[in-house]
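Topology and contacts: notes
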Amino acid sequence: MPVDFNGRWLMETNDNFEDFMKVLNIDLATRKIAIHLSQTKVIIQDGDKFVIKTLSIFRNYEMSFTIGEEIEEYTKGLDNRVVKTLITWEGDKLVCTQRGEKANRGWKHWLEGDKLHMELFCEGVVCHQVFKKQA
Ligand code: VLZ
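Described in the following lines is the structure provided in the data block. (Residues numbered from 1 in each chain as written. Predicted model: local features only at pLDDT ≥ 70, side-chain atom pairs only at ≥ 80, totals over all residues. Heavy atoms only, no water.)

**Notes on the pairing of strand β3 (residues 49–55)**
Side chains F50, I52 and T54 project from β3 onto a buried face, and the interleaved K49, V51, K53 and L55 project onto a face without burial. Alignment of strand β2 (residues 40–46) against β3, held across seven bridges, turns out to be antiparallel. In the sheet register, Q45 faces β3, and the bridge partner there is F50. Sheet topology places β3 next to strand β4 (residues 61–66); six bridges connect them, and they run antiparallel. Residue pairing across strands places V51 opposite S64, the latter belonging to β4. Between β3 and β4, which pair antiparallel and follow one another directly, the connecting turn spans five residues. (Buried < 20%, exposed > 50% of the residue type's maximum accessible area, 1.4 Å probe, protein only. Helix = DSSP H or I, 4+ residues; strand = E, 2+ residues; numbered from the N terminus. Pairing = 2+ DSSP bridges.)

In structure tokens:
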């Protein structure tokens, strides 16, 4: 029985997001806004099917996927690249690889108590985010 990520999750911490945006070549003006954003994750999980929405007052990003099925992802409004995206289970962790121009790119999600953790990584840069579940 896989972990249940369903819910609305409010950002508590966002470590190293600036360097992560830099490695994706996001411009300074955008970074200056994005660094201060409180991001909310809305996750809708039905078995191995997911919709993940990242919401903020500045920009929203949404993706849908099924575990084990590679998709072409357009990171619209982020770094605007096209990548081959595959999400799998590694134990209780949701692990995503995004194959494309940038090496060693992807993210991981896992739960610790009532917190949702996320690691975003690209070319050796790691951003760690923690979210708390909205009641
Ligand atoms: O999330 O890859 O939960 O797609 C930042 C939005 C989103 C704020 C960061 C605006 C990446 C930033 C989200 C403007 C540059 C992401 C996946 C896993 C699902």
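**Some thoughts on the site of the ligand**
Close contacts around the ligand come from 16 residues, with K41, I52, M63, H109 and M118 the closest. Measuring from an oxygen atom of the ligand, one finds a side-chain N or O atom of K41 at 2.7 Å. Between the ligand and H109 there is a distance of 2.8 Å, counted from an oxygen atom to a side-chain nitrogen or oxygen. Summarising the interface, the protein chains cover 96% of the accessible area of the ligand, which totals 540 Å² for the free molecule. Secondary-structure elements contributing two or more residues to the shell around the ligand are α2 (28–34), β3, β4, β8 (106–112) and β9 (115–122). (Near = heavy atom within 4 Å. Polar contact = N/O pair within 3.5 Å; in protein donor to acceptor, adjacent residues only side chain to side chain. Areas by Shrake-Rupley, 256 points an atom, 1.4 Å probe, with all protein chains shown as cover.)

**Digging into the packing of aromatic side chains**
In total, this model carries five aromatic pairs according to the counting rule given. An aromatic cluster is present here, built from F5, F50, F65, W89 and W107 joined pairwise through their rings. The positively charged end of K93 is found above the aromatic ring belonging to W110, 4.3 Å away from the centroid. (Phe/Tyr/Trp six-rings, centres within 6.5 Å; stacked < 30°, edge-to-face > 60°. Lys NZ or Arg CZ within 6 Å of the ring centre and 35° of its normal.)

**Concerning the nonpolar core**
With 30 residues, the main nonpolar core has F20, F65, I87, L94 and W107 as its most contacted residues. Elements represented by at least two residues in this core include exactly β1 (7–15), α1 (17–23), β3, β4, β7 (93–99), β9 and β10 (125–133). Aside from chain neighbours lying at most four places away, what touches W107 is I52, M63, F65, I87, L94, V95, C96, Q98, M118, E119, L120 and F121. (Core = buried A, V, L, I, M, F, W, Y, C linked by side-chain atoms within 4.5 Å. Contact = heavy atoms within 4.5 Å.)

**A few points about the side chain of R31**
Of note, R31 is situated in helix α2. Given a relative accessible area of 12%, R31 falls into the buried group. Separated by 2.8 Å, the side chain of R31 and the backbone oxygen of I26 make a polar contact. Contacts of R31, omitting those with residues within four sequence positions, involve E18, M21, K22 and I26.

**Focus: the pattern of salt bridges**
Counted by the stated rule, this structure contains eight salt bridges. Among the ionic pairs, E72 bridges to K84, the shortest N-O distance being 3.6 Å. Within this pair, whereas E72 is found in strand β5 (residues 71–74), its partner K84 is found in strand β6 (residues 82–90), the two being separated by 12 residues in sequence. With a relative accessible area of 60%, E72 lands in the exposed category. The residue E101 makes a salt bridge to R81 at a minimum N-O spacing of 3.0 Å. Pair noted here: E101 is in the loop between β7 and β8 and R81 is in the loop between β5 and β6, with a separation of 20 residues, a long-range link. (Salt bridge = Lys/Arg side-chain N within 4 Å of Asp/Glu carboxyl O.)

Function-wise, these values are silent; they only describe arrangement.
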